[in-house]
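# A closer look at the structure
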Amino acid sequence: MSLSQQQLNDFWSGVKASLPTMLGYISIGAAFGTIAGSEHFTIWQVFLLSAIFYAGSGQFIVVSMLAANASISSIVMMVFLVNFRMFLQSLTVTQVFPRQSTVSSLLMGSLVTDESFGILSVNIAAGKERSVMWMHGLNIASWATWWLACVIFAVVGKNITDPAAFGLDFALTGMFAGLWLLTSISMFQNPKESKFKVLSIIIVSTALLYILMYFFSAVVSVLIASVLGSFYAVLVNRSEGK
């Protein structure tokens, strides 16, 4: 099936929208590739993890837990907990674009990430209408950049014995911190959003996280705080009649 000129334009517009994500993925992919290479993962293993598994934080977990001789069951459970949010994001994205084929829906849901979901959310909040091809351009460009960066730097990583000495173990945390900051700024700048409401959601979610960390691990605390914070946001929106 041939694509129309409008569809091609939308696709390349999505690719352009992914440029900030692509730059971030190059740095994070470099960190993952270097760490995986230093742990003696082969190029093919890094490629399969990055291109098929494609789970960012999940990939770091797999490499670190395998290096620590953790059981397969514990690795699967940890990855499931950390990436469970992707089920919700994939479902949400396909609901935003309901008029598409099953293959297109599967592709979109499989390649959506926190970053592409964030970019889509910012565009929707700004009242910008986006097409299916725009979303595919955004997702595919991000995906290709990720596995290319991971594979290329896996070669470099074989010559590095201590990636933490270069601060590479903090790269993923830094990326999520930047994503959170940019999303928060866009929400505050959105005239349709109440600044008090946005600030209250941030404060409540942060307070919940600190409290939960006294009782659970950091991973579990983040998951529970995210769910409860989202529930609070829904209640606030309903109280405002939105």
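In this report, we go over the structure that sits alongside the text. (Residues numbered from 1 in each chain as written. Predicted model: local features only at pLDDT ≥ 70, side-chain atom pairs only at ≥ 80, totals over all residues. Heavy atoms only, no water.)

We now examine the overall build of the protein. A tally of regular secondary structure across the protein gives twelve helices and zero strands. Along the protein, helices and strands appear, N-terminal first, in the series α-α-α-α-α-α-α-α-α-α-α-α. Burial analysis of the protein (242 residues in total) assigns 40% to the buried set. In the protein, once contacts between residues fewer than 6 apart in sequence are set aside, the share between residues at least 24 apart is 73%. (Helix = DSSP H or I, 4+ residues; strand = E, 2+ residues; numbered from the N terminus. Buried < 20%, exposed > 50% of the residue type's maximum accessible area, 1.4 Å probe, protein only. Contact = heavy atoms within 4.5 Å.)

Formed by 23 residues in total, the largest nonpolar core has its most connected members in Phe32, Val46, Val63 and Trp146. Residue assignment for this core shows that the elements contributing at least two residues are helix H2 (19–38), helix H3 (43–53), helix H4 (57–67), helix H5 (72–83) and helix H9 (132–157). For this core, the element with the highest residue contribution is H2, accounting for six residues. The next biggest cluster of nonpolar side chains, apart from the first, holds eleven residues, and it includes Phe97, Leu120, Trp134 and Leu138. (Core = buried A, V, L, I, M, F, W, Y, C linked by side-chain atoms within 4.5 Å.)

At their nearest, the axes of helix H6 (residues 85–96) and helix H8 (residues 114–125) sit 11 Å apart, and the two run at 40 degrees to each other. When the interaxial angle is binned, H6 and H8 end up oblique. Every pair of crossing elements has a handedness; the one defined by H6 and H8 is left-handed. Mapping the contact onto sequence places Arg85, Met86, Gln89, Thr92, Val93 and Val96 in H6 and Asp114, Phe117, Leu120 and Ile124 in H8. Grouping the constituent residues of the contact of H6 with H8 by class yields six nonpolar, two polar and two charged. (Axes fitted to C-alpha atoms, helices over the stretch in contact; angles between N-to-C directions. Parallel < 35°, antiparallel > 145°, perpendicular 65-115°, else oblique. Left-handed = near helix turned anticlockwise from the far one by under 90°. Nonpolar A, V, L, I, M, F, W, Y, C, P; charged D, E, K, R; others polar.)

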